[in-house]
Amino acid sequence: MSDVPLAEPEKSAAATPDGKALLILAADHRNSLERDLYQLSGPPEPAQAARISADKLLIYQALLDAAGKLPAGPQPGILIDEQYGAAVIELAGRSGGAINLSVPIEASGSDWFEFAYGDQWRRHAEFFPADHAKVLVRDNPGFDPGRRAQQAADLAQVSSWAEDAGRPLILELLVPASDSDRQALGEDTDRYDAEVRPGLTVSVIEYLQDHGVQPAIWKIEGLERHEDTEAVLAAARRGGRSAECIVLGRHAPHDRLDHWLKVAAPVAGFVGFAIGRSIWWDPLHAHLRHRSTAREARRRIAANYLDFARYYLMARDGELPGASSPFW
């Protein structure tokens with residue numbers, strides 16, 4: 001734990017609306033989307049950028065299709081970027097609260113946190129009436145101390161702004177293995193996820209808190225064991241903080257994500273998920289390569305989202321994953 005004096009815990013109310021489950025369809029990918037899905041080797045041409053924007057609108061339309069099939073209570077949400085999703089941001093912002101809207105602040109494709117739009121980040125962040133601001137952070141106690149400290153200072157700026165602006169902050173935390181982690185485990189990524197990453201996640205949360213970073217919601221990589229989920233939540237709420245947690249997708253296979261949701265959903269304080277590529281990557285890939293229509297891609301995205309929503313809610317409520325429900 002850092003010896004920096006403990007920052008004052010946040011006093012804000014719960015960040016999720018009325019304590020509801022927050023089920024976010026994440027579609028704020030930019031750099032990886034251009035490179036890996038659209039296979040662009042440089043900045044997109046206007047027609048290519050228009051196609052990416054059109055596909056993000058398709059993702060939002062699929063969410064709207066799915067939202068009408070959710071039971072009463074859960075809050076559907078969209079996490080979408082200004083660069084390709086400005087139209088979606090505008091539409092979600094005018095949904096009258098039917099769709100929870102989160103917008104990222106970070107630049108895409110950097111190993112360390114950088115502001116999108118540089119010194120103009122506040123102007124962009126405040127332009128749209130989003131429900132949440134979001135930052136993506138990669139950190140590990142084994143990373144360079146100076147870079148870690150600078151990143152934490154930048155994040156503290158965002159955290160302070162978010163509180164003043166009334167934009168509850170979602171901090172998406174990735175804890176990749178350091179060189180020493182990989183060497184110690186012989187490059188065994190499954191062992192790292194199960195045995196090492198949970199403890200490092202707690203350490204990073206405490207480090208960022210001690211440096212003035214106070215998100216309303218921690219967006220956390222999936223955990224394999226119930227006790228690790230409780231430890232991460234306890235760290236998020238240390239010192240009387242009111243933070244909540246949600247599970248991120250990390251483009252994991254469906255069965256792995258089901259396990260992560262099953263572990264986290266029953267824990268009070270884990271209030272939902274933010275899953276992206278595991279829902280829409282394959283449908284968009286097929287559509288891009290003319291193996292399906294836009295209508296079929298939209299149908300598949302909606303169905304995938306509902307599958308995860310169903311599983312999460314059943315896990316939260318102590319039902320068997322395959323049980324029937326009158327809501328579905």
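Not measured: the values here are computed from a predicted model.

Undergrad: What is the right way to look at the overall build of the chain in this model?
TA: When you go through the chain residue by residue, the secondary structure sums to 11 helices and eight strands. Here the C-alpha atoms of the chain give a radius of gyration of 19 Å, agreeing with the 20 Å that 2.2 N^0.38 yields for 328 residues. Along the three orthogonal principal directions, the C-alpha set of the chain runs to about 55 × 45 × 45 Å. Out of the 328 residues belonging to the chain, those deemed buried represent 53%. Contacts spanning at least 24 positions in sequence make up 77% of the contacts within the chain whose residues lie at least 6 apart. In the form shown here, the chain has an accessible surface area of approximately 14,500 Å², with 50% of it arising from carbon and sulfur atoms. Computed over 35 positive and 47 negative side-chain charges, the separation of the two mean positions in the chain equals 5 Å.

Undergrad: Is there a simple way to explain the sheet that holds strand S7 (residues 244-248) in this structure?
TA: Judged by pairing direction, the barrel is parallel, and its eight strands sit side by side in the order S1-S2-S3-S4-S5-S6-S7-S8 before closing back on the first. Looking at each pair of strands side by side, their axes are set apart by 25 degrees on average, direction ignored. In the sheet, strand S4 (residues 132-138) pairs with strand S5 (residues 169-174) via six bridges, with the strands oriented parallel. Bridged to Ala 133 within S5 is Leu 169.

Undergrad: I keep staring at the packing of helix H10 (residues 277-288) against helix H11 (residues 294-316) and nothing clicks. Help me out?
TA: In a packed pair of helices, the relevant descriptors are the angle between the two axes and the axis-to-axis distance. Where H10 meets H11, the axes come as close as 8 Å, and the angle between the chain directions of the two elements is 165 degrees. Judged on the interaxial angle alone, H11 and H10 are roughly antiparallel. In the packing of H10 onto H11, the handedness of the crossing is right-handed. Contacts between H10 and H11 involve Ser 278, Ile 279, Trp 280, Asp 282, Pro 283, Leu 284, Ala 286 and His 287 on the former and, on the latter, Ala 294, Ala 297, Arg 300, Ile 301, Asn 304, Tyr 305 and Phe 308.

Undergrad: Explain the pairing of S4 to me, please; I cannot follow it from the model alone.
TA: Consecutive side chains of a regular strand alternate in pointing toward one face of the sheet and then the other. With six of seven residues buried, S4 lies mostly within the body of the structure. As defined by bridge partners, strand S3 (residues 100-104) adjoins S4 across three bridges and the pair is classed as parallel. Residue pairing for S4: Pro 104 is matched across the bridge by Lys 134. On the question of chirality, the crossover connecting S3 to the parallel S4 by way of helix H4 (residues 121-127) is right-handed. This β-α-β element, S4 to helix H5 (residues 145-165) to S5, shows right-handed connectivity.

Undergrad: Please clarify how the environment of Trp 112 should be interpreted in this entry.
TA: Note that Trp 112 resides in the loop between S3 and H4. A sequence separation of 25 residues divides Trp 112 from Val 137, and the C-alpha atoms of the two residues are 7.0 Å apart. Setting aside residues no more than four positions away along its own chain, Trp 112 makes contact with Arg 138, Phe 143, Asp 144, Arg 147, Arg 148 and Gln 151.

Undergrad: Quick question: what am I supposed to make of the confidence of the model for the chain here?
TA: Any residue range with low pLDDT should be treated as having predicted coordinates unsuitable for detailed reading. Residues at a pLDDT of 70 or more form 91% of the chain, whose mean pLDDT is 92. Confidence over residues 323-327 falls short of pLDDT 50; this stretch has five contacts with residues more than four positions distant or in other chains.

Undergrad: Hey, could you run me through the pattern of salt bridges in this one?
TA: As a working rule, side chains carrying opposite charge can pair if their charged atoms are close by. Evaluation of the coordinates by the stated rule reveals 23 salt bridges. The shortest N-O distance in the salt bridge between Arg 94 and Glu 90 comes to 3.4 Å. Note that Glu 106 and Lys 134 form a salt bridge whose closest N and O atoms lie 2.7 Å from each other. Of this pair, Glu 106 sits in the loop between S3 and H4 while Lys 134 is found in strand S4, placing the two residues 28 residues apart along the sequence. Taken as a pair, Glu 106 and Lys 134 share a single burial class, namely buried. By sharing partners, the salt bridges in this structure join Asp 28, Arg 30, Glu 106, Lys 134, Glu 172 and Lys 219 into a single network.

Undergrad: Looking at this model, I keep getting lost on empty space enclosed by the protein. Mind explaining?
TA: If you roll a probe as big as a water molecule over the atoms, it shows you where there is empty space left. The final tally for this structure, using the stated rule, is two cavities of 30 Å³ or more. Considered as a void within the structure, the largest cavity measures approximately 50 Å³ in volume. Every residue along the wall of the largest cavity is listed here: Ile 220, Glu 221, Gly 222, Leu 223, Thr 229, Val 247, Trp 260, Val 263, Ala 264 and Phe 270. For the lining of the largest cavity, the element with the most residues is helix H9 (residues 254-264), which contributes three residues. Residue composition of the lining of the largest cavity, grouped by class: seven nonpolar, two polar and one charged. What lines the second largest cavity is Leu 33, Tyr 38, Ile 52, Asp 55, Lys 56, Ile 59, Trp 280 and Leu 284. Contributing elements (two or more residues each) for the lining of the second largest cavity: helix H2 (46-67) and H10. With four residues, H2 is the largest single contributor of residues to the lining of the second largest cavity. Broken down by class, the residue content of the lining of the second largest cavity amounts to six nonpolar, no polar and two charged.

Undergrad: Can you walk me through the side chain of Lys 134 in this structure?
TA: What makes Lys 134 buried here is its relative accessible area of 1%. A polar contact is formed between the side chain of Lys 134 and the side chain of Glu 172, at a distance of 3.1 Å. Setting aside residues no more than four positions away along its own chain, Lys 134 makes contact with Asp 28, Leu 79, Val 103, Pro 104, Ile 105, Glu 106, Leu 169, Ile 170 and Glu 172.

What counts, and where the lines are drawn
- Sequence order as written defines the numbering, with residues in each chain counted from 1.
- This being a predicted model, a pLDDT of at least 70 is required before a residue's local features are given, and a value of 80 or more before pairs of side-chain atoms are given or counted; all residues contribute to the totals for chains, interfaces and linings.
- Side-chain measures were taken over the full set of non-hydrogen atoms in the model, leaving aside hydrogen atoms and water.
- Comment: elements are numbered from the N terminus, with helices defined as DSSP H or I runs of at least four residues and strands as E runs of at least two.
- A radius of gyration in this sense is built from C-alpha atoms; the matching globule rule multiplies 2.2 Å by the number of residues raised to 0.38.
- Burial classification: accessible surface area is computed with a 1.4 Å probe over protein chains only, and a residue below 20% of its type maximum counts as buried, one above 50% as exposed, and the rest as partly exposed.
- Any pair of residues with heavy atoms lying within 4.5 Å of one another is described as a contacting pair.
- Only the protein chains shown count as covering a residue, and every accessible area follows the Shrake-Rupley method with a 1.4 Å probe.
- Just so you know, the count uses Lys and Arg for positive and Asp and Glu for negative, and it drops His and the chain ends.
- Lysine's charge is taken at NZ, arginine's at CZ, aspartate's at CG and glutamate's at CD.
- When DSSP finds at least two bridges between two strands, those strands are taken to pair.
- Throughout, an axis means a line fitted to C-alpha atoms (over the contacting stretch in the case of helices), and angles, computed between N-to-C directions, take values from 0 to 180 degrees.
- In this scheme, roughly parallel covers angles under 35 degrees and roughly antiparallel covers those over 145, while 65 to 115 is roughly perpendicular and the rest are oblique.
- Each crossing gets its hand from how the near helix is turned against the far one by less than a right angle, where anticlockwise is left-handed and clockwise is right-handed.
- Note on handedness: a clockwise path from strand one over the helix to strand two, with the strands aimed away from the viewer, defines a right-handed crossover.
- The quantity known as pLDDT measures the predictor's confidence residue by residue, on a range of 0 to 100.
- By convention in these notes, a salt bridge is any Lys or Arg side-chain nitrogen within 4 Å of a carboxyl oxygen on Asp or Glu.
- Any residue with an atom within 4 Å of a point lines the site, the site being either a cavity, points on a 1 Å grid over the protein atoms alone where a 1.4 Å probe fits but cannot get out, or a pocket, an open set with protein on both sides within 12 Å along at least 5 of 7 lines.
- Grid points are joined across faces, edges and corners, and a volume is the space filled by probe spheres set on the points.
- By the convention adopted, Pro, Cys, Tyr, Trp, Phe, Met, Ile, Leu, Val and Ala count as nonpolar, Lys, Arg, Asp and Glu as charged, and the other residues, Gly among them, as polar.
- Polar contact is the term for a pair of N or O atoms within 3.5 Å; when the atoms are in protein, one must be able to donate a hydrogen and the other to accept it, and sequence-neighboring residues count only if both atoms are side-chain atoms.

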